[in-house]
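Breakdown of the fold
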Amino acid sequence: MSSKPEPKDVHQLNGTGPTPSPSSSDGPGREPLAGTSEFLGPDGAGVEVVVIESRANAKGVREEDALLENGSQSNESDDVSTDHGPAPPSPLKETSFSIGLQVLFPFLLAGFGTVAAGMVLDIVQHWEVFQKVTEVFILVPALLGLKGNLEMTLASRLSTAANIGQMDTPKELWRMITGNMALIQVQATVVGFLASIAAVVFGWIPDGHFSIPHAFLLCASSVATAFIASLVLGMIMIGVIIGSRKIGINPDNVATPIAASLGDLITLALLSGISWGLYLELSDTEATESGSEHWRYIYPLVCVFFVALLPVWVVLARRSPATREVLYSGWEPVIIAMAISSVGGLILDKTVSDPNFAGMAVFTPVINGVGGNLVAVQASRISTFLHMNGMPGENSEQVPRRCPSPCTTFFSPDVNSRSARVLFLLVVPGHLVFLYTISCMQGGHTTLTLIFIIFYMTAALLQVLILLYIADWMVHWMWGRGLDPDNFSIPYLTALGDLLGTGLLALSFHVLWLIGDRDTDVGD
């Protein structure tokens, strides 16, 4: 049974009609949606058969090609439904130069923010509250690490959402903003409370001395600092990501460094000011024999106030499907990262408390901040790269099941290896600029001798090298297990950066002391 073909079809079957032209959306180098193949008919004559490819398959090929060429997603869509917002413009092809150019300014801005935080820590370490309640030093890496646990994770999550077109309509944008802001307030309050408990425990175990007023002081200071800092930084992050998309910059390259540019400074300034103000109540009570002991009421009230707001933030976070899942399943990385950072805080407490190593304070936020910033950029980029192929757990056969070799991480031709090389090459010039800035501002208690710079750079390079390698493995491993790296990887990586940076820096200072570099009077 046969049907008479239309005239247009007859021309195509006979090969006399016009050759179908490629779709304009295919671009150069793309195959047309319609192709021809020659077959022998019953009479031996050649017959051309038109083979029509699936539009979905052709779209997948175009997206895969765009991904391989550009290292970022092309959000072109063949769906003409009016329910969806306009597709965002396709990002430009990213070369090593373009990656470095986009990362450089936010990286320097973030670095100067960590320098300012280091100068603040160098000053406040001599305050009475830091001298009498030394456990506050343990809170420093844990609360500064919140920028990695919360703000950088927020920046990575929103950058991915912006790149895959989930923030194009006002309704989607507002839902993402309210849900994510409420989420980080819940996480900040809980993590701030747990960080104070960790500080009390880590301070009590070595000394065997437990002080109830100091415990309440740490709790109130930690919760208030975490809440206020996350609120301010979260609003800044949202503005940065929206602005980046409007001017055509990849948010993955700029959002996470800018999250850290003011994160350390704001958090450390808040922690110092709040703890000092609360300590005044305690010191006034101890100075008078018949003191009213206001701290018994003020410290618990501060904690209760922020904890009482938790139900409001939980309700708002549950309204957004994107944050509802994180609200239930995103606690493990945040809490574990806080514990890892607290171990780094214990190292800082025991090192800086020794007058011979007081110079370490000004460099700790710098080395930790630079390492965390660079690895957060890399993790955010790899996560966005994987999201372009589907959802976590999908295409798991394309995800390496073993630890990558260092050559694959740093020397392969793919875009993620290219960005790893660019980020690693920023370490030495960036730290030289930051060290020079500290020296010009007469900060710290250590003269910047050649041997000191060599030890410092060795610690910084080793820290970033380890972090970039772990990021390559961790993001792919989490993706293969069905976990969204945007929500899980950056807290671990930045916490490891704090631990590695503080540990390697403390080791460098001890070695320098042993070999005779004992200048500790600069800046006094």
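Above this text is the structure in question.
Scope of this entry: the structure provided in the associated data block. Computed from a predicted structure; not experimentally measured.

What follows concerns the overall build of the chain. Looking only at helices and strands, the chain has 20 helices and 2 strands in total. Out of the 524 residues in the chain, the part that is buried amounts to 50%. Taking all contacts inside the chain whose residues are at least 6 apart in sequence as the whole, residues at least 24 apart take part in 80%. As displayed, the chain offers around 24,000 Å² of accessible surface, 65% of which is attributable to carbon and sulfur atoms.

Following the sequence through the fold, Leu150 ends up in helix H6 (residues 146-163). Note: C-alpha distance between Leu150 and Ile490 (340 residues apart in sequence) is 8.9 Å.

This part is about the nonpolar core. Phe363, Leu374 and Tyr456 are the most contacted members of the largest nonpolar core, which totals 90 residues. The dominant element in this core, judged by the number of residues it contributes, is helix H15 (residues 360-387), at 10 residues. Each residue touching Leu374, except ones within four places of it in the same chain, is listed here: Phe107, Leu423, Leu426, Val427, Val464 and Leu468. Grouped together as the second largest cluster of nonpolar side chains are 17 residues, Ala161, Ile177, Val254 and Ile258 included.

With respect to the helices, strands and loops of the structure, Asp472 is situated in helix H19 (residues 450-480). Although Asp472 is buried, it forms no salt bridge, and the closest oppositely charged side chain is Arg421 at an N-O distance of 11 Å. Side-chain polar atoms of Asp472 contact the side chain of Thr409, separated by 2.8 Å. The contact partners of Asp472, leaving out residues within four places of it in the chain, are Ile382, Pro404 and Thr409.

Turning next to the packing of H19 against helix H20 (residues 485-514). Running from amino to carboxyl end, H19 crosses H20 at an angle of 160°, the nearest separation of the two axes being 9 Å. By the angle between their axes, H19 is roughly antiparallel relative to H20. Remark: the crossing between H19 and H20 carries right-handed chirality. Here the contact of H19 with H20 is built from residues that sort into 25 nonpolar, 5 polar and no charged.

Quick look at the packing of aromatic side chains now. For the coordinates displayed, the defined rule picks out 15 aromatic pairs. By way of ring pairs, the aromatic residues Phe227, Phe305, Phe306 and Trp313 are connected into one cluster.

Time to look at the packing of H15 against H19. Following both chains from N to C, one finds H15 and H19 inclined at 25°, their axes separated by 9 Å at the closest point. It follows from the interaxial angle that H15 and H19 lie roughly parallel. When the axes of H15 and H19 are compared, the crossing they make is right-handed.

Among the secondary structure elements, Ser230 is positioned in helix H8 (residues 212-246). Accessibility expressed as a relative area gives 1% for Ser230, which makes it buried. Within the local environment of Ser230, its side chain forms a polar contact with the backbone oxygen of Ala226, the two atoms lying 2.9 Å apart. Each residue touching Ser230, except ones within four places of it in the same chain, is listed here: Leu150, Glu151, Ile184, Gln185 and Ala188.

Applying the stated criterion across every chain yields a total of 0 disulfides. There is no disulfide at Cys219, and the cysteine sulfur nearest it, in Cys303, is 3.3 Å away. Assessed through its relative accessible area of 9%, Cys219 is described here as buried.

The rules behind these values
Residues numbered from 1 in each chain as written. Predicted model: local features only at pLDDT ≥ 70, side-chain atom pairs only at ≥ 80, totals over all residues. Heavy atoms only, no water. Helix = DSSP H or I, 4+ residues; strand = E, 2+ residues; numbered from the N terminus. Buried < 20%, exposed > 50% of the residue type's maximum accessible area, 1.4 Å probe, protein only. Contact = heavy atoms within 4.5 Å. Areas by Shrake-Rupley, 256 points an atom, 1.4 Å probe, with all protein chains shown as cover. Core = buried A, V, L, I, M, F, W, Y, C linked by side-chain atoms within 4.5 Å. Lys, Arg positive; Asp, Glu negative; His and termini not counted. Salt bridge = Lys/Arg side-chain N within 4 Å of Asp/Glu carboxyl O. Polar contact = N/O pair within 3.5 Å; in protein donor to acceptor, adjacent residues only side chain to side chain. Axes fitted to C-alpha atoms, helices over the stretch in contact; angles between N-to-C directions. Parallel < 35°, antiparallel > 145°, perpendicular 65-115°, else oblique. Left-handed = near helix turned anticlockwise from the far one by under 90°. Nonpolar A, V, L, I, M, F, W, Y, C, P; charged D, E, K, R; others polar. Phe/Tyr/Trp six-rings, centres within 6.5 Å; stacked < 30°, edge-to-face > 60°. Disulfide = S-S within 2.5 Å.

Keep in mind these numbers describe shape, not what the thing actually does.
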